[in-house]
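# Architecture and fold: a report
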Amino acid sequence: MIIAKLMGGLGNQMFQYALGRRLALQHGVPLRFDASFLDTVQPGTTPRAFELGHLATDAKLATPQEIAALYHPARRGLAGKWQRVSDALRPVAFRSHIREHGPAFNARVLQAGPNVYLEGYWQSPYYFEAIADRIRAEFQFIEPPDARNAALQQQINRAHSVAIHVRRAD
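In this text the structure is predicted, and so the values were computed from the model without any measurement.

Conventions adopted
- Every chain is numbered on its own, with residues counted from 1 as its sequence reads.
- Thresholds applied to this predicted model are a pLDDT of at least 70 for local features of residues and 80 or more for the giving and counting of side-chain atom pairs; totals over whole chains, interfaces and linings are not thresholded and use all residues.
- Hydrogens and water molecules were not included; the side-chain quantities draw on all heavy atoms of the structure.
- We call a residue buried when its accessible area falls under 20% of the maximum for its residue type, exposed when it is over 50%, and partly exposed in between, using a 1.4 Å probe and counting protein chains only.
- Here a helix means four or more residues in a row that DSSP labels H or I, a strand means two or more in a row labelled E, and each is numbered from the N terminus.
- Think of it this way: DSSP has to see at least two bridges between two strands before they count as a pair.
- Crossover handedness is defined here as right-handed if the route from the first strand over the helix to the second strand goes clockwise, with the strands pointing away from the viewer.
- What is meant by a nonpolar core is a set of buried Ala, Val, Leu, Ile, Met, Phe, Trp, Tyr and Cys residues, joined one to another through side-chain atoms within 4.5 Å.
- By definition in these notes, contact holds between two residues if any of their heavy atoms fall within 4.5 Å.
- Pairing of aromatic side chains requires ring centres within 6.5 Å, counting the rings of Phe and Tyr and the six-membered ring of Trp. Pairs whose planes differ by under 30 degrees are stacked, by over 60 edge-to-face, and all others tilted.

## A few points about the pairing of strand S1 (residues 2–5)
Within a regular strand, the side chains alternate between the two sheet faces. Judged by which residues are buried, S1 turns out to be covered on both faces: Ile2 and Ala4 on one side and Ile3 and Lys5 on the other are all buried. Strand direction decides the pairing type here: S1 and strand S2 (residues 31–34), joined by four bridges, are parallel. Looking at S2, one finds that Lys5 is bridged to Asp34. Note on the crossover from S1 through helix H1 (residues 10–27) to S2: the handedness is right-handed. Of the pairings in the sheet, the one linking S1 to strand S4 (residues 116–119) comprises three bridges and is parallel in character. The residue bridging Ile3 from the neighbouring strand is Tyr117, located in S4.

The following block contains the structure:
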């Protein structure tokens, strides 16, 4: 089973889904999500919610037992240091927990085995380029737009449209 930890808003969750989906298809195993991080509000951050349920994805939440089988939080002190060294020496295919260590694409992540907990944002199209068409098909809304949004969509489709998103702050 592949379990992806969900963090952030819809865009981040889509990247986390895409990598998880690729690995799940690669190994023929189910994909599940750990949304527990979304349930907690961290000081100084914007509260987030599980957003993938609005899309035609195979998005199912993992049970606490499924998460516990793969995810072992880092321990503190000497035991934690030993755990990090041990994980770093273990080939990716045999790790049960893979944590992203920066925004750059890491091709070794694609060598993960069929039972892994993914923790990171995974914001590179290279993680899912092999199944990009499938991901695009799954990133369709389940519900049709309401009347107001349908009218706006028609207006956009009739013109040469450009959208600008300005992110002021979280």
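Here the narrative resumes.
## Examining the nonpolar core
Leu19, Ile98 and Leu118 are the most contacted members of the largest nonpolar core, which totals 27 residues. Of all the secondary-structure elements, those providing two or more residues to this core are S1, H1, S2 and S4. Take this core: its biggest share by element is five residues, from H1. Discounting chain neighbours no more than four positions away, the residues touching Ile98 are Val92, Val109, Ala112, Val116, Tyr117, Leu118, Glu119 and Trp122. Grouped together as the second largest cluster of nonpolar side chains are seven residues, Ile3, Ala62, Ile67 and Tyr71 included.

## Here we look at the packing of aromatic side chains
In the structure shown here, the tally under the stated rule is seven aromatic pairs. Taken together, Phe105, Trp122, Tyr126 and Tyr127 form an aromatic cluster joined through their ring pairs.

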